[in-house]
Amino acid sequence: MSTYIQLISWTEQGLRNLKDGPGRLETAKKALRDLGGELKSFHLTMGAYDAVAIFEAPSDEASVRFALQIAQAGNVRTQTLKAFTESEYRELAGALK
């Protein structure tokens with residue numbers, strides 16, 4: 001499975017309904033499981049983004065489906081980054097000519 005880092009910003013709707021956030025997080029976890037993935041960690045953050053999630057998904061397509069499902073609810077905007085492990089980085093860097 002691939003790892004993804006999702007940068008999350010609340011929309012105005014999401015802020016108005018912030019008290020419902022923990023329930024929405026559980027719904028997102030289930031949606032990801034239904035796509036064959038798993039939420040590895042979720043962090044409330046200070047700075048440019050309101051939260052960061054790290055998750056695994058079986059494919060880029062599943063990751064995109066997950067992001068679209070979240071966006072459709074209208075509470076957050078996300079930016080998803082595909083992440084590579086240190087060993088994958090070393091393999092990629094080692095293949096350079």
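Attention here is on the structure that accompanies the text. Only a predicted model underlies this, so the values are computations on that prediction, with no experimental measurement involved.

### Focus: the pairing of strand β1 (residues 2-10)
Where β1 lies against strand β3 (residues 51-57), seven bridges are found, and the strand directions are antiparallel. Bridged to I5 within β3 is I54. Two elements, β1 and strand β4 (residues 76-83), share eight bridges in a ladder whose sense is antiparallel. The residue of β4 that forms the bridge with Q6 is T80.

### Structural notes on the environment of G94
The residue G94 is located in helix α4 (residues 86-94) in this model. Separated by 50 residues in the primary sequence, G94 and L44 place their C-alpha atoms 35 Å from one another.

### Considering the packing of aromatic side chains
Throughout the structure, instances matching the rule amount to two aromatic pairs. Relative to F55, the ring of Y4 has its centre 5.3 Å away and its plane inclined at 20°; by these criteria the two rings are stacked. Of this pair, Y4 sits in strand β1 while F55 sits in strand β3, placing them 51 residues apart in sequence. Looking at F55, the relative accessible area reads 0%, which means it is buried. With centroids separated by 5.1 Å and ring planes inclined at 65°, the aromatic side chains of F55 and F66 adopt a geometry described as edge-to-face. Of this pair, F55 sits in strand β3 while F66 is found in helix α3 (residues 60-73), placing the two residues eleven residues apart along the sequence. Relative accessible area serves as the criterion here: at 4%, F66 is assigned to the buried category. Taken together, the ring pairs connect Y4, F55 and F66 into an aromatic cluster.

### Remarks on the pattern of salt bridges
Within this structure, the stated rule accounts for five salt bridges. With a closest N to O distance of 3.4 Å, E26 and K29 form a salt bridge. Within this pair, E26 and its partner K29 are both found in helix α2 (residues 21-34), separated by three residues, close to a single helical turn.

Scoring rules and cut-offs
Residues numbered from 1 in each chain as written. Predicted model: local features only at pLDDT ≥ 70, side-chain atom pairs only at ≥ 80, totals over all residues. Heavy atoms only, no water. Pairing = 2+ DSSP bridges. Helix = DSSP H or I, 4+ residues; strand = E, 2+ residues; numbered from the N terminus. Phe/Tyr/Trp six-rings, centres within 6.5 Å; stacked < 30°, edge-to-face > 60°. Buried < 20%, exposed > 50% of the residue type's maximum accessible area, 1.4 Å probe, protein only. Salt bridge = Lys/Arg side-chain N within 4 Å of Asp/Glu carboxyl O.

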